[in-house]
Amino acid sequence: MEMHPYWHKQTLEKPLYPDIEWSRPEQRSRAGKLGIIGGNKLGFAGVAESYSTALNAGVGEVRVLLPDVLRKTIPSTITDTVFGASNPSGSLAREAAGELHALGQWANSILMVGDAGRNSETAILYEDFLLDYTGPLTIT
């Protein structure tokens, strides 16, 4: 028995969304908008891989929110990037709440990539975001 009806888990035997291949929009403009959040001063490999995978899978638009400490490190292949304030440990700071909420309003779905570091300020920022966000959310 599941503890929460909103919690879904994919297994090898049972795909989470089995009809996704057959119901994919043919026009990119109708394929939705994905917001990706993550990264820290030590890296953004998960964000970069998620960005590339989403575009290859046919997502209409992808926008990434990263800590501003990564501004000079981002490859040119990640074209739609928003930078939020970073804290001394190089993760998103609480001052990035505005960018985080704006991304949540823009996107049809949010992907929170697990390379955000282990900073407590970032954890509080994420918690505040999750309390307000009502759309589809994937956490890795």
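In the block above lies the structure referred to throughout.
Residues numbered from 1 in each chain as written. Predicted model: local features only at pLDDT ≥ 70, side-chain atom pairs only at ≥ 80, totals over all residues. Heavy atoms only, no water.

(A) The overall build of the protein, seen in detail. Helix and strand counts for the protein stand at three helices and five strands. Ordered by position from the N terminus, the helices and strands of the protein form the series β-α-β-β-α-β-α-β. Counting only contacts in the protein whose residues sit at least 6 apart along the sequence, the fraction spanning at least 24 positions is 68%. With the model as given, the accessible surface of the protein reaches about 9,300 Å², and the carbon-plus-sulfur share is 54%. (Helix = DSSP H or I, 4+ residues; strand = E, 2+ residues; numbered from the N terminus. Contact = heavy atoms within 4.5 Å. Areas by Shrake-Rupley, 256 points an atom, 1.4 Å probe, with all protein chains shown as cover.)

(B) Examining the nonpolar core more closely. Core analysis: the biggest nonpolar cluster contains 16 residues, and Ile36, Val47, Val62, Val64, Leu66 and Ile74 have the highest contact counts within it. Breaking this core down by element, the ones donating at least two residues are β1 (33–37), α1 (45–57) and β2 (61–67). With residues near it in sequence (within four places) discarded, Val64 still touches Ile36, Val47, Tyr51, Ile78, Asp80, Thr81 and Val82. Of all hydrophobic cores here, the second largest spans 15 residues; its members include Leu100, Leu103, Tyr126 and Phe129. (Core = buried A, V, L, I, M, F, W, Y, C linked by side-chain atoms within 4.5 Å. Buried < 20%, exposed > 50% of the residue type's maximum accessible area, 1.4 Å probe, protein only.)

(C) Highlighting the sheet that holds strand β4 (residues 109–112). Spatially, the five strands line up as an open sheet ordered β3-β2-β1-β4-β5, and their pairing is parallel. Each edge of the open sheet is held by one strand with a lone partner, namely β3 (81–84) and β5 (137–139). Direction aside, the axes of adjacent strands within the sheet are offset by 20 degrees on average. Where β2 meets β3, four bridges bridge the pair, whose relative direction is parallel. In the strand pairing of β3, Pro67 is matched with Gly84. Where α1 meets the sheet, its contacts fall on β1, β2 and β4, and the angle it forms with β2 comes to roughly 175 degrees. Taken strand by strand, helix α3 (residues 120–132) contacts β1, β4 and β5, and its axis lies near 160 degrees from that of β4. (Pairing = 2+ DSSP bridges. Axes fitted to C-alpha atoms, helices over the stretch in contact; angles between N-to-C directions.)

(D) Molecular detail of the pattern of salt bridges. By the definition in use, this model includes two salt bridges. A salt bridge links Asp128 to Arg94; its shortest N-O distance comes to 2.8 Å. Of this pair, Asp128 sits in helix α3 while Arg94 sits in the loop between β3 and α2 (97–106), and the two are 34 residues apart along the sequence. Overall, the relative accessible area of 29% leaves Asp128 in the partly exposed class. (Salt bridge = Lys/Arg side-chain N within 4 Å of Asp/Glu carboxyl O.)

(E) Representation of the side chain of Thr122. Within the secondary structure, Thr122 is located in helix α3. A distance of 2.7 Å separates a polar atom in the side chain of Thr122 from the backbone oxygen of Leu92. (Polar contact = N/O pair within 3.5 Å; in protein donor to acceptor, adjacent residues only side chain to side chain.)

(F) Up close: α3. With 13 residues, α3 extends 19 Å between its outermost C-alpha atoms, agreeing within 8% with the 18 Å of an ideal straight helix rising 1.5 Å per residue. Taken together, the buried positions of α3 are occupied by Thr122, Leu125, Tyr126 and Phe129. The buried side chains of α3 occupy one side of the element, clustering within an arc of 95 degrees when seen end-on. Within α3, the exposed residues directed more than 90 degrees away from the buried face are Ser120 and Leu131. N-cap assignment for α3: the residue whose side-chain oxygen lies 2.7 Å from the backbone N of Glu121 is Asn119. (Expected span 1.5 Å × (residues − 1). Arc of directions from axis to C-beta.)

(G) Structural view of the pairing of β1. Of all five residues in β1, four are buried, a share of seventy percent or more. Of the pairings in the sheet, the one linking β1 to β2 comprises five bridges and is parallel in character. Its bridge partner lying in β2, Ile36 is registered against Val64. Across four bridges, the pairing between β1 and β4 is parallel. The residue of β4 that forms the bridge with Leu34 is Ser109.

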